[in-house]
Amino acid sequence: MRTISQEELYTAVANLVVQANFHLPDHVVQALSVMYNSEQKPLPKETLHILLQNATIAATRHIPLCQDCGSVIVFLQIGTGVTIDGNLEEIINRAVANTYRSHYLRPSIVKDPLFDRTNTGTNTPAFIHTEIVGGNSVAITVYIKGGGSENMSSIKMFTPTADSEEIIDYIVTTVKQAGPNPCPPLFLGIGIGGTADVAMLNAKKAVLQKEPHPKEEYRKLEEVILQRCNNTGIGPLGFGGNHTVAMVRIKDAPTHIATLPVALNLNCHSLRYRSTIL
Amino acid sequence: MKTIDLHTPISEYDLQLLKAGDLISISGTIYTARDKAHKKIAELIAQQKSLPIDFTNAVLYYAGPSPAPPGMPIGAIGPTTSYRMDAYTDIMLSLGVRMFIGKGSRSNEVKKLLVNYKAVYCSSFGGAAAYLNQCVVDAQIIAFEEFGPEAIYKLTVEKFPAIVINDTYGGDLYA
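As the structure is a computational prediction, the values presented were derived from the model and not from experiment.

### Quick look at the packing of helix H6 (residues 164-178) of chain A against helix H8 (residues 216-230) of chain A
Residues and elements named next belong to chain A.
Part 1 of the reasoning: Remark: H6 packs on H8, axes separated minimally by 10 Å, with the N-to-C direction vectors making an angle of 40 degrees. On the basis of their axis angle, the class for H6 and H8 is oblique. Pair H6 / H8 crosses with right-handed handedness. Across the interface between the two elements, Ser164, Ile168, Ile171, Val172 and Val175 from H6 touch Leu221, Val224, Ile225, Arg228 and Cys229 from H8.
Part 2 of the reasoning: Along the lines of polarity and charge, the residues of the contact of H6 with H8 split into eight nonpolar, one polar and one charged.

### A few points about the domain arrangement of chain A
All names here are of chain A.
Part 1 of the reasoning: Segmenting chain A into domains produces domain 1 (2-22 + 65-145) and domain 2 (148-270).
Part 2 of the reasoning: Taking only C-alpha atoms into account, the centre of domain 1 sits 26 Å from that of domain 2.
Part 3 of the reasoning: Opposite the eight residues of domain 1 that make contact, domain 2 presents six residues.
Part 4 of the reasoning: It is strand S5 (residues 138-145) that provides the largest number of residues to the side of domain 1 that touches domain 2, a total of three residues.
Part 5 of the reasoning: Along the lines of polarity and charge, the residues of the side of domain 1 that touches domain 2 split into four nonpolar, two polar and two charged.

### Some points on the environment of B:Lys118
Residue and element names in this part refer to chain B.
Part 1 of the reasoning: Considering the arrangement of structural elements, one finds Lys118 in the loop between helix H4 (108-117) and strand S5 (120-123).
Part 2 of the reasoning: For Lys118, a count of 14 C-beta atoms within 10 Å puts it in the partly exposed group.
Part 3 of the reasoning: Each C-alpha atom of the pair Lys118 and Tyr169 lies 7.8 Å from the other, and the pair is 51 residues apart in sequence.
Part 4 of the reasoning: Contacts of Lys118, omitting those with residues within four sequence positions, involve Glu12, Leu15 and Thr168.

### Some words on the interface of chain A and chain B
Part 1 of the reasoning: Counting residues at the interface gives 34 residues for chain A and 32 residues for chain B.
Part 2 of the reasoning: Counted by class, the side of chain A that touches chain B contains 19 nonpolar, twelve polar and three charged residues.

### Re the sheet that holds strand S10 (residues 272-277) of chain A
All names here are of chain A.
Part 1 of the reasoning: If you trace the four strands from one edge of the open sheet to the other, you get S4-S2-S5-S10, paired in mixed fashion. Two strands lie at the open edges of the sheet, namely strand S4 (127-133) and S10, each paired on one side alone. Going across the sheet, the axis of each strand differs from the next one's by a mean of 10 degrees, ignoring polarity.
Part 2 of the reasoning: Judged from the eight bridges that link them, strand S2 (residues 71-79) and S5 form a sheet pairing that is antiparallel. Looking across to S5, one finds that Val72 is bridged to Ile144.

### A closer look at the sheet that holds strand S9 (residues 260-267) of chain A
All names here are of chain A.
Part 1 of the reasoning: Taking strand neighbours across the sheet as the criterion, the four strands line up as S6-S9-S7-S8 in an open arrangement whose pairing is mixed. Edge positions in the sheet fall to strand S6 (154-158) and strand S8 (245-253), since each of these pairs with one other strand and no more. Strand after strand, the sheet turns through a mean of 15 degrees between neighbouring axes, direction not considered.
Part 2 of the reasoning: Note: S6 against S9, five bridges, orientation antiparallel. When the sheet's bridge partners are listed, Ser154 is paired in S9 with Leu264.

### Overview of helix H3 (residues 42-61) of chain A
Residues and elements named next belong to chain A.
Part 1 of the reasoning: Taking 1.5 Å of rise per residue, 20 residues should cover 28 Å, and H3 covers 27 Å from first to last C-alpha, within 8% of that figure.
Part 2 of the reasoning: Within the span of H3, buried status applies to Pro44, Lys45, Glu46, Thr47, Leu48, Leu51, Asn54, Ala55, Ile57 and Ala58.
Part 3 of the reasoning: Of the residues flanking the end of H3, it is His62, one or two places downstream, whose phi is positive at about 55 degrees.

### Considerations on the packing of helix H1 (residues 6-22) of chain A against helix H4 (residues 88-102) of chain A
Residues and elements named next belong to chain A.
Part 1 of the reasoning: Interaxial distance between H1 and H4 falls to 9 Å at its minimum, and their mutual angle equals 45 degrees. Classified by the interaxial angle, the pair formed by H1 and H4 is oblique. The handedness of the crossing between H1 and H4 is right-handed. Within the contact between the two elements, H1 uses Gln6, Leu9, Tyr10, Val13, Ala14, Val17 and Val18 and H4 uses Ile91, Ile92, Arg94, Ala95, Val96, Asn98 and Thr99.
Part 2 of the reasoning: Of the residues contributing to the contact of H1 with H4, the split by class is ten nonpolar, three polar and one charged.

### Focus on the pairing of strand S7 (residues 186-193) of chain A
Residue and element names in this part refer to chain A.
Part 1 of the reasoning: Most of S7 is tucked away, with seven of its eight residues classed as buried.
Part 2 of the reasoning: Bridge count for S7 against S8 is eight bridges, and the pairing is parallel. Residue pairing for S8: Leu188 is matched across the bridge by Val248.
Part 3 of the reasoning: Strand direction decides the pairing type here: S7 and S9, joined by six bridges, are antiparallel. Looking at the pairing, Phe187 lines up with Asn267 of S9.

### Some remarks on helix H2 (residues 35-46) of chain B
Residue and element names in this part refer to chain B.
Part 1 of the reasoning: Along its twelve residues, H2 runs 17 Å from first to last C-alpha, staying within 8% of the 16 Å computed at 1.5 Å per residue.
Part 2 of the reasoning: Where H2 is buried, its residues meet helix H3 (89-94) and strand S7 (152-166).
Part 3 of the reasoning: Positive backbone phi, at 55 degrees, marks Gln48, one or two positions downstream of H2.

### A closer look at the environment of B:Tyr131
Residue and element names in this part refer to chain B.
Part 1 of the reasoning: Tracing the chain through its elements places Tyr131 in helix H5 (residues 129-133).
Part 2 of the reasoning: A count of 26 C-beta atoms within 10 Å places Tyr131 in the buried class.
Part 3 of the reasoning: Taking the C-alpha atoms as reference points, Tyr131 and Ala76, separated by 55 residues in sequence, lie 8.0 Å from one another.

What counts as what
- Residues numbered from 1 in each chain as written.
- Chains lettered and ligands numbered in written order.
- Predicted model: local features only at pLDDT ≥ 70, side-chain atom pairs only at ≥ 80, totals over all residues.
- Axes fitted to C-alpha atoms, helices over the stretch in contact; angles between N-to-C directions.
- Helix = DSSP H or I, 4+ residues; strand = E, 2+ residues; numbered from the N terminus.
- Parallel < 35°, antiparallel > 145°, perpendicular 65-115°, else oblique.
- Left-handed = near helix turned anticlockwise from the far one by under 90°.
- Contact = placed C-beta atoms within 7 Å.
- Nonpolar A, V, L, I, M, F, W, Y, C, P; charged D, E, K, R; others polar.
- Domains from an automatic or database assignment.
- Buried ≥ 20, exposed ≤ 12 C-beta atoms within 10 Å, placed from the backbone.
- Pairing = 2+ DSSP bridges.
- Expected span 1.5 Å × (residues − 1).

Below, the structure is given as structure tokens:
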């Protein structure tokens, strides 16, 4: 049995929090650059230019990419051959709290959603999802999700006889209704199947998949959704043009004979996440 | 793109020149306020208590900045989503605010109010918070410090960029 020390886990989480908040992943910068180069209209082109400059300024001057330093979502895949020397949640929350303070990241978490919306001041608790897998390592992903785009999340329970055209319509309608609010160009994560909660979690995980879906029919569906969303004319920050969605990723799961849940995670242009393996 | 330079206080004449889709660049004083500050102001008014700021002809920026690192006046400071402040916009207009800056779309009611009050709603660049930090030369908390990032900041800005979404004539870039 391999043991991972508290310090090792703490340092890993702290580093991921910094990386995610100040350094846009290469493939996200790449996606913004491709859209900038192909954009013809002045206002959306200027907007994409500003977003690219934002990424450079954030990295070089150490200013957070967005003032909304998000909810901290942590995905952990813990191997059965490994033990963590300490309380997992406590270590992660301590790393998040200290890093948010020392790097001047905005705390945005309130302690009670309804009756006491007092800011905890530490951006904790983080929202932690653990999965037990084989092996003797721990894979950690820190995903920073802003509140404005999270507010545009959507789930619909389709009847099992629904076809992909109905699902595409629902997705395009949701993106259209959200309009400029979630800060497009969006990175769109879609969870299809499972139960309602599984679909929503898969929508979160889907947006972190760099590669298109491995199955051809889903890959085609991703492409069609991208195309259709980009025909809406919303454009970067709602300023027009044909770059409303930068990327579409689907994560599917088996489901009940009576159900077909479809969950949407609309991520803003600032897709902030980092992963490591211990 | 052609940019319209504006200096605060912004006059009625300045506002009348603006059309939906214009790129503007603001220099001078603007105030931040987001969800909690709006709720608090509405409460103070309902209780007939005095307000900490005079909003006459003010520019209001829907924003909750990240903390200022050493050597900087403020941290990251992009706009927050405006529709959450729709319910309070009538109050803020009646207090004298003449320009709102945020991101995203407004309700039909707010659009009508903007025309009635001859006020303007602009969107800045959502998620360009490090970029917009470069336009802030000074920042002071002037009310509700206990709200943390949701306090009201008085910002001195230099060439702060925004796009006119709703003009004084009912023009709407998002329509």
